[in-house]
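The chain contents come next:
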Amino acid sequence: MTVLEPRDAEVAAPAPIPAPEQGGILGRTHRALSLGIITVVLLIAFEATAVGTAMPIAARELDGVSLYAFAFSAYFTTSLFSMVLSGQWADRRGPLAPLATGIAAFGAGLLLSGTASSMWLFIAGRAVQGLGGGLVIVALYVVVSRAYSERLRPAIMAGFAASWVVPSVVGPLVSGAVTEHLGWRWVFVGIPVLVVFPLALALPAIRRMASGPADPSAPVPPFDRRRIRLALAISAGAALLQYAGEDLRWLSLIPAVAGAGLLVPAVLGLLPRGTYRAVRGLPSVVLLRGIAAGSFIAAESFVPLMLVTQRGLSPTMAGLSLAVGGGTWALGSWVQSRPRLEPYRQSLMVFGMLCVVVAIVLAPSVLIQSVPVWIVAVAWAIGCFGMGMVIASTSVLLLKLSAPEEAGENSAALQISDGLSNVILLAVGGATFAALGGGAVGALHDTSSASHPAAFAAVFLPMAGVALVGMWVATRLGPGSPRRGAA
């Protein structure tokens, strides 16, 4: 869920809001803004959960099943670039313009995909969606850093998490019904109309509370062209790695090496200095986000396939086994937002990563036929509870450790860590799965396929190891020295 959802010593507080705070995030001061931006997240969440259901039908009707994976990777690769662009744009001019542009691009991409007459046009629409999605998510972080005090940020992050609950449960069902009765195109063309409401609600409030540079008296620096070039490199490198991971031939080593050659210097240049050494403070916050998201999502991607091929569940029942996770994810995010638990935030995050480890270890136990399949639902409820605490807390800590004029750039780094770890661990897991006789990952939609149990174990157990490393990183989130630069 691809969620939404991209950092050393505590620095100056965000720019003050024009009026005194009244109440919480739904008090008079923040009500319009909170409802507007939470609705934006809600619509993005619904699109993210619904598209997966409609995509196989779209690919078949457009005669593009062979290009199926590119419909997903196109979104990811362009969003990596736009995250960096959005961070620079928001830091220099404020979050209003990148947010409005991102929502417009997201809607335009949906319309392009929904009206596409060929698979390549459909993929182009998904790429435009990715540009918009990357702009929006980073700009929203900057809005939170500018418009909400440190006291209210855990609550608004919990609101973001809660906005995923309903889409994660009903999104696939609604999308399936719309696809069956009205056609898959309506899944794409119907959402842009709904964007008008949150825009009308949120944009005036953003203009009033969070527009302009963080320091209006300071000169506005130009865009960092080096970082823009690195963003292009990281997008291209991620795309090449994804392609190599899906095409297990010796020739695939060429795009794999080329992708790594582009990714490594780009990642070192875009993430805070010391990220991959787990330096205390901001670098460890960014690293933990990637470890948590990558290990959990990579494992989750194989759960429905495991239940269908190994235990004979229908695709609908396999998907529903994970539905309760949306509620426990929101619950975990709500728990971390309680003010009295603020002094124990680091301990909550360590515990959250322990929940993730337990979930990933328990899930493949259903490969043993005597183990009841409901164990997966219980395990994933535990894991999602931990993820709710960890993901929301990394967002809160990121803004706490970021100067107002660096909130966009640091938010982009957090999202890059999240997204890049997803694609790398998915590529590694998918390649391992296929190499051990698991078959194509796309077999998720083929209920007749069968896979060797060892192939699934070879995915889950390494991801549990990655999550275990995350428990250690979660002990290193305290303040460090505010150094920026290479990772």
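Residues numbered from 1 in each chain as written. Predicted model: local features only at pLDDT ≥ 70, side-chain atom pairs only at ≥ 80, totals over all residues. Heavy atoms only, no water.

Here the focus is the overall build of the protein chain. In terms of helices and strands, the protein chain carries 19 helices and zero strands. For the protein chain, the residues scored as buried account for 57% of the 487 residues in total. As presented, the protein chain carries roughly 19000 Å² of accessible surface, and 69% of it is formed by carbon and sulfur atoms. (Helix = DSSP H or I, 4+ residues; strand = E, 2+ residues; numbered from the N terminus. Buried < 20%, exposed > 50% of the residue type's maximum accessible area, 1.4 Å probe, protein only. Areas by Shrake-Rupley, 256 points an atom, 1.4 Å probe, with all protein chains shown as cover.)

Turning to empty space enclosed by the protein, a few remarks are in order. If a probe the size of a water molecule is rolled over the atoms, the empty space left behind becomes visible. By volume, the second largest cavity amounts to about 80 Å³. Lining the second largest cavity are Val40, Leu43, Ile44, Ile103, Phe106, Val136, Ile191, Val195 and Pro198. A per-element tally of the lining of the second largest cavity places helix α1 (residues 31-61) first, with three residues. Of the residues that constitute the lining of the second largest cavity, the class distribution is nine nonpolar, no polar and no charged. (1 Å grid on protein atoms, 1.4 Å probe; cavity = no way out; pocket = protein on both sides within 12 Å on 5 of 7 lines; lining within 4 Å. Points joined across faces, edges and corners; volume = space filled by probe spheres on them. Nonpolar A, V, L, I, M, F, W, Y, C, P; charged D, E, K, R; others polar.)

Moving on to the packing of helix α3 (residues 96-114) against helix α9 (residues 196-209). Where α3 contacts α9, the two axes come as close as 10 Å, and the packing angle between them is 165°. Accordingly, the angle class assigned to the pair α3 and α9 is roughly antiparallel. As for the relative orientation of α3 and α9, their crossing is left-handed in sense. Within the contact between the two elements, α3 uses Leu96, Leu99, Ala100 and Ile103 and α9 uses Leu199, Leu203, Ile206 and Arg207. Of the residues contributing to the contact of α3 with α9, the split by class is seven nonpolar, no polar and one charged. (Axes fitted to C-alpha atoms, helices over the stretch in contact; angles between N-to-C directions. Parallel < 35°, antiparallel > 145°, perpendicular 65-115°, else oblique. Left-handed = near helix turned anticlockwise from the far one by under 90°. Contact = heavy atoms within 4.5 Å.)

Its identity is not glycine, yet Ala278 carries a phi of approximately 55°, on the positive side. Locating Ala278 in the fold gives a position in the loop between α11 (253-270) and α12 (282-300). Judged by its relative accessible area of 2%, Ala278 falls in the buried class.

Our focus in this paragraph is the nonpolar core. Core analysis: the largest hydrophobic core is formed by 134 residues, its most contacted members being Phe122, Ile206 and Trp380. Of all the elements, α1 adds the most residues to this core, at 14 residues. If we skip the residues at most four places from it in the chain, Ile206 touches Leu33, Ile37, Pro95, Leu96, Leu99, Val143 and Ser211. (Core = buried A, V, L, I, M, F, W, Y, C linked by side-chain atoms within 4.5 Å.)

Here we take up the packing of aromatic side chains. This structure, assessed with the given rule, holds five aromatic pairs. Look at Phe122 and Trp184: their rings are 5.7 Å apart centre to centre, the planes differ by 75°, and that puts the pair in the edge-to-face class. Here Trp184 lies in the loop between α6 (165-181) and α7 (185-189) and Phe122 lies in helix α4 (residues 119-147), a separation of 62 residues in the sequence. Across the pair, Trp184 and Phe122 agree in class, each one buried. (Phe/Tyr/Trp six-rings, centres within 6.5 Å; stacked < 30°, edge-to-face > 60°.)

On to a nonpolar patch on the surface, then. A grouping of Phe351, Leu354, Val358, Leu362, Trp374, Val378 and Ile382 is seen on the molecular surface, where their side chains present a nonpolar patch of about 580 Å² in accessible area. Of all elements in the fold, only α16 (345-362) and α17 (374-400) reach the threshold of two or more residues within the nonpolar patch. Among the elements that take part in the nonpolar patch, α16 stands out by supplying four residues, more than any other. By the element assignment, Phe351 lies in helix α16. By relative accessible area, which is 42% here, Phe351 ends up partly exposed. (Patch = residues over 30% accessible without salt bridge, like charges linked within 9 Å, V, L, I, M, F, W, Y side chains within 5 Å. Salt bridge = Lys/Arg side-chain N within 4 Å of Asp/Glu carboxyl O.)

Further remarks concern the pattern of salt bridges. Throughout the structure, instances matching the rule amount to three salt bridges. The shortest N-O distance in the salt bridge between Asp418 and Arg289 comes to 3.1 Å. With Asp418 in helix α18 (residues 407-435) and Arg289 in helix α12, this residue pair connects regions lying 129 residues apart in the sequence. The class of Arg289 is buried, set by a relative accessible area of 0%. For Glu342, the salt bridge goes to Arg345, with nearest N and O atoms at 2.6 Å. Given a relative accessible area of 28%, Glu342 falls into the partly exposed group.

To continue, consider α9. A rise of 1.5 Å per residue sets the reference length of α9, with its 14 residues, at 20 Å; its end C-alpha atoms lie 20 Å apart and thus fit the reference within 8%. Along α9, the largest kink reaches about 25° and is centred on Ala202; proline Pro204 follows within four residues of it. Of all the residues in α9, the buried ones are Pro198, Ala202, Leu203, Ala205, Ile206 and Met209. (Expected span 1.5 Å × (residues − 1). Bend = angle between axes of the 7 residues up to and from the residue.)

Now for helix α19 (residues 453-473). Its 21 residues give α19 an end-to-end C-alpha distance of 31 Å, which sits within 8% of 30 Å, the value for a rise of 1.5 Å per residue. Of the surrounding elements, those touching the buried residues of α19 are α12, α13 (303-311), α16 and α18.

Within the secondary structure layout, Ser395 lies in helix α17. Given the relative accessible area of 2%, Ser395 is considered buried. Separated by 109 residues in the primary sequence, Ser395 and Val286 have C-alpha atoms spaced 9.2 Å apart. When sequence neighbours within four positions are dropped, the list of residues in contact with Ser395 reads Tyr141, Met157, Arg289 and Leu414. A polar atom in the side chain of Ser395 sits 3.2 Å from the side chain of Arg289. (Polar contact = N/O pair within 3.5 Å; in protein donor to acceptor, adjacent residues only side chain to side chain.)

Looking now at the packing of α12 against α18. Contact geometry for α12 and α18: axes closest at 8 Å, N-to-C directions at 35°. Regarding α12 and α18, the two cross each other, and that crossing is right-handed. Two secondary-structure elements touch here, α12 through Leu282, Val285, Val286, Leu287, Arg289, Gly290, Ala293, Gly294, Ser295, Ile297 and Ala298 and α18 through Asn410, Ala413, Leu414, Gln415, Ser417, Asp418, Ser421, Asn422, Leu425 and Leu426. Taken together, the residues that form the contact of α12 with α18 break down as eleven nonpolar, eight polar and two charged.

Another aspect to go through is the side chain of Ser417. Of note, Ser417 is situated in helix α18. Taking relative accessible area as the criterion, Ser417 reaches 6% and is therefore assigned buried. Apart from the residues lying within four places of it in its own chain, the contact partners of Ser417 are Leu271, Val286, Leu287, Arg289 and Gly290.

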